[in-house]
Amino acid sequence: MTNVELARLVNLSPAATLERVRKLEHSGVIRNYMARLDPETVNLGLLVFVQVTLDRTSADIFDSFAKAVRAMPQVSECYMVAGGFDYLVKARVRDMNAYRAFLGKTLTRLPGVRQTHTYTVMEEVKADLELPI
């Protein structure tokens, strides 16, 4: 939305609105801006979640795994979690053949990976990026 539209929405002048937005950007509250692309249109229609269990839990393995995952374009999100496995990876690929290649040639070859469990998304019920504020 434009600054003028935002100013109308919050009942401020465009200048005051722009100043507040810039303060939010500089303070890190607003981290970036992005466009939401349709995954099917850009040939990334298969969404998978992968539980990853490492063979040992040490700082060097955590660091190596995280560094490798950050460099993988297929991975959109990755979280270290507490519980029965170590990481939850969210990835997008073209189709099941592409996922098989990603799993076998990339993900399972990362430092320390002992085991993976894949969950293929059949339907995205809710996929909001907005925070509930």
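Residues numbered from 1 in each chain as written. Predicted model: local features only at pLDDT ≥ 70, side-chain atom pairs only at ≥ 80, totals over all residues. Heavy atoms only, no water.

Per an unreviewed UniProt entry, the chain is named AsnC family transcriptional regulator, and its organism is Swaminathania salitolerans.

Colleague: Any chance you could explain the layout of surface pockets here in plain terms?
Modeller: Over the atoms rolls a probe the size of a water molecule, and in doing so it shows where empty space is left. Computed from the structure, the largest pocket encloses a volume of approximately 2000 Å³. Together, 44 residues line the largest pocket, and N32, M34, R36, L129 and E130 are the ones closest to its centre. Counting only elements with at least two residues in the lining of the largest pocket, the list comes to α1 (3-10), α2 (14-27), β1 (46-54), β2 (75-80) and β3 (87-93). No other element matches α2, which puts 5 residues into the lining of the largest pocket. Looking at the lining of the largest pocket residue by residue, the classes come out as 26 nonpolar, 7 polar and 11 charged. When residues are assigned to domains, the lining of the largest pocket turns out to be shared by domain 1 (1-34) and domain 2 (39-120), each giving three or more. (1 Å grid on protein atoms, 1.4 Å probe; cavity = no way out; pocket = protein on both sides within 12 Å on 5 of 7 lines; lining within 4 Å. Points joined across faces, edges and corners; volume = space filled by probe spheres on them. Helix = DSSP H or I, 4+ residues; strand = E, 2+ residues; numbered from the N terminus. Nonpolar A, V, L, I, M, F, W, Y, C, P; charged D, E, K, R; others polar. Domains from an automatic or database assignment.)

Colleague: How should the side chain of T53 be read in this particular structure?
Modeller: In this fold, T53 is placed in strand β1. With relative accessibility at 9%, the residue T53 sits in the buried group. Those residues in contact with T53 that sit more than four places away from it in its chain are G84, F85, D86, G112, V113, R114 and Q115. (Buried < 20%, exposed > 50% of the residue type's maximum accessible area, 1.4 Å probe, protein only. Contact = heavy atoms within 4.5 Å.)

Colleague: What am I meant to see in the domain arrangement of the chain here?
Modeller: Quoted interface sizes are often the accessible area lost when the parts come together. We note that the domain assignment places domain 1 (1-34) and domain 2 (39-120) within the chain. Here the C-alpha centroids of domain 1 and domain 2 sit 36 Å apart.

Colleague: Help me out: how do you make sense of the pattern of salt bridges in this one?
Modeller: Pairs may arise between side chains of opposite charge once their charged atoms sit close together. Counted by the stated rule, this structure contains 6 salt bridges. The partner of K23 in a salt bridge is E19, and the shortest N-O contact between them spans 3.4 Å. With a gap of 4 residues between them, K23 and E19 both fall in helix α2, about one helical turn apart. Overall, K23 belongs to the exposed group, its relative accessible area being 53%. With a shortest N-O distance of 3.4 Å, R56 and D55 are connected by a salt bridge. For D55, a relative accessible area of 43% puts it in the partly exposed group. (Salt bridge = Lys/Arg side-chain N within 4 Å of Asp/Glu carboxyl O.)

Colleague: Please clarify how the pairing of β3 should be interpreted in this entry.
Modeller: Looking along a regular strand, one sees the side chains alternate between the two faces of the sheet. Counted residue by residue, β3 has 5 buried out of 7 residues, so it is predominantly covered. Pairing of β1 with β3 involves 7 bridges; the strand directions are antiparallel. Paired with V50 across the two strands is V89, which belongs to β3. As paired elements, β2 and β3 share 5 bridges and run antiparallel to each other. Among the inter-strand pairings, M80 is bridged to a residue of β3, identified as Y87. Linking β2 to β3, which pair antiparallel, is a turn of 6 residues; within it G83 sits at a positive phi near 135 degrees. (Pairing = 2+ DSSP bridges.)

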